[in-house]
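# Fold and contact review
Read off the chains here:
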Amino acid sequence: MAARPIVEYPAIVLMTPGDQVVNFDRDLESLVKDMFETMYAEGGVGLAAQQIGLSLRLFVMDCDGIKLVAANPEIIFLEGEQGGEEGCLSVGKVRAELKRSERATLRAQDIQGKTFELAASGLAARCFQHETDHCDGILFIRHLSPLRRDLVTSKFRKMKK
Ligand SMILES: [Zn+2]
C-alpha cells in the first residue's frame, strides 16, 4: 500500500475517457487502497484513476460524510444549481468558481462489482460530478469560459516554476 504520484494537467491520460473496470479482484482492491492513500496524502476529497496515470473508469471519494469506491460511474440524475469554488489535485489545487448541479445521483459498481445508486447534494454532489467527469476524460477547467480557463492554467504553470 503506497501513495502514488499525482498526474497533472496537461497529461493526455486526463483528457482521455477511461476503460471500463471488468475485473473485481485483488489487484483492484490494492489499487483502490493506493488511491485512498494518495487522496489522503494530498488532502483531496476525491481521486480518479486518471490522476495516478491509469485510464480506467474508477474513482474514490471521502467527502461530506460519503466515503465510497465507484467503478464505471454514471450520473443518472441531476437537479438544481449550486455555486462555489472547485479545484483539482491534477491542476495544483488552483480553485475557480464553477456552477454545478445541487443534487446528483450516482450509479456505479462497488469494489465487489455490485451496482449501487446513491443520491447526494451540495459538496458530495459536486464531487460525484467532478470525479465522474475525470472518468470521461474531462477536467473541471473544461467547464470554464476560455478566459477563466486561461487564468487557472497560467496560475498553475506559474506554481510549477
Ligand atoms: Zn480532479
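Every residue gets a number counted from 1 within its own chain, in the order that chain's sequence is written. This being a predicted model, a pLDDT of at least 70 is required before a residue's local features are given, and a value of 80 or more before pairs of side-chain atoms are given or counted; all residues contribute to the totals for chains, interfaces and linings. Processing note: side-chain calculations cover all non-hydrogen atoms of the structure and skip hydrogens and water entirely.

Attention now goes to helix α2 (residues 122-135). In an α-helix, one turn spans 3.6 residues, which is why side chains three or four residues apart end up on the same side. Given a rise of 1.5 Å per residue, 14 residues ought to cover 20 Å, and the 20 Å separating the end C-alpha atoms of α2 matches this to within 8%. Burial classes follow relative accessibility: with a 1.4 Å probe on protein chains only, a residue under 20% of its type's maximum area counts as buried, one over 50% as exposed, and anything between as partly exposed. Strands are runs of DSSP state E lasting at least 2 residues, helices are runs of H or I lasting at least 4, and numbering of each runs from the N terminus. Burial runs high along α2: 13 of the 14 residues are buried. Gly137, located one to two residues past α2, shows a positive phi value of around 80°. One less than the residue count of a helix, multiplied by 1.5 Å, gives the span that helix is expected to have.

Between rings of Phe, Tyr and Trp, where Trp is taken as its six-membered ring, a pair exists when centres lie within 6.5 Å; planes separated by under 30 degrees are stacked, by over 60 edge-to-face, and by other angles tilted. Enumeration according to the criterion identifies 2 aromatic pairs in this entry. An angle of 70° between the planes, with centres 6.3 Å apart, marks the rings of Tyr9 and Phe156 as edge-to-face. Linking Tyr9 in the segment before α1 (26-42) with Phe156 in helix α3 (residues 146-160), this pair joins segments that are 147 residues apart in sequence. Using a relative accessible area of 3% as the deciding quantity, one classes Phe156 as buried. Note on criteria: charge over ring means Lys NZ or Arg CZ within 6 Å of the ring centre, with the direction from the centre no more than 35 degrees off the ring normal. Seen from the ring of Phe36, Lys67 lies directly overhead, with NZ or CZ sitting 5.0 Å from the centre.

This brings us to the pattern of salt bridges. Side-chain pairs of opposite charge can arise where the charged atoms are in close proximity. We define a salt bridge as a contact between a side-chain nitrogen of Lys or Arg and a carboxyl oxygen of Asp or Glu at a distance within 4 Å. Applying the stated criterion across every chain, the model contains 9 salt bridges. The partner of Lys160 in a salt bridge is Glu8, with the nearest N and O atoms 2.6 Å apart. One end of the pair, Lys160, is in helix α3; the other, Glu8, is in the segment before α1, and 152 residues separate them in sequence. On the basis of relative accessible area, Lys160 is assigned to the partly exposed category, the value being 49%. Overall, Glu8 belongs to the partly exposed group, its relative accessible area being 25%. Between Glu117 and Arg107 there is a salt bridge; the shortest N-O distance is 2.9 Å. Residue Glu117 is located in strand β7 (residues 115-121), and its partner Arg107 is located in strand β6 (residues 103-109); the two are separated by 10 residues in the primary sequence. A residue is classified by how much of its surface remains accessible, and Glu117, at 48% relative accessible area, is partly exposed. With a relative accessible area of 30%, Arg107 lands in the partly exposed category. If you follow the salt bridges from partner to partner, you end up with Glu86, Arg100, Arg126 and Asp133 in one network.

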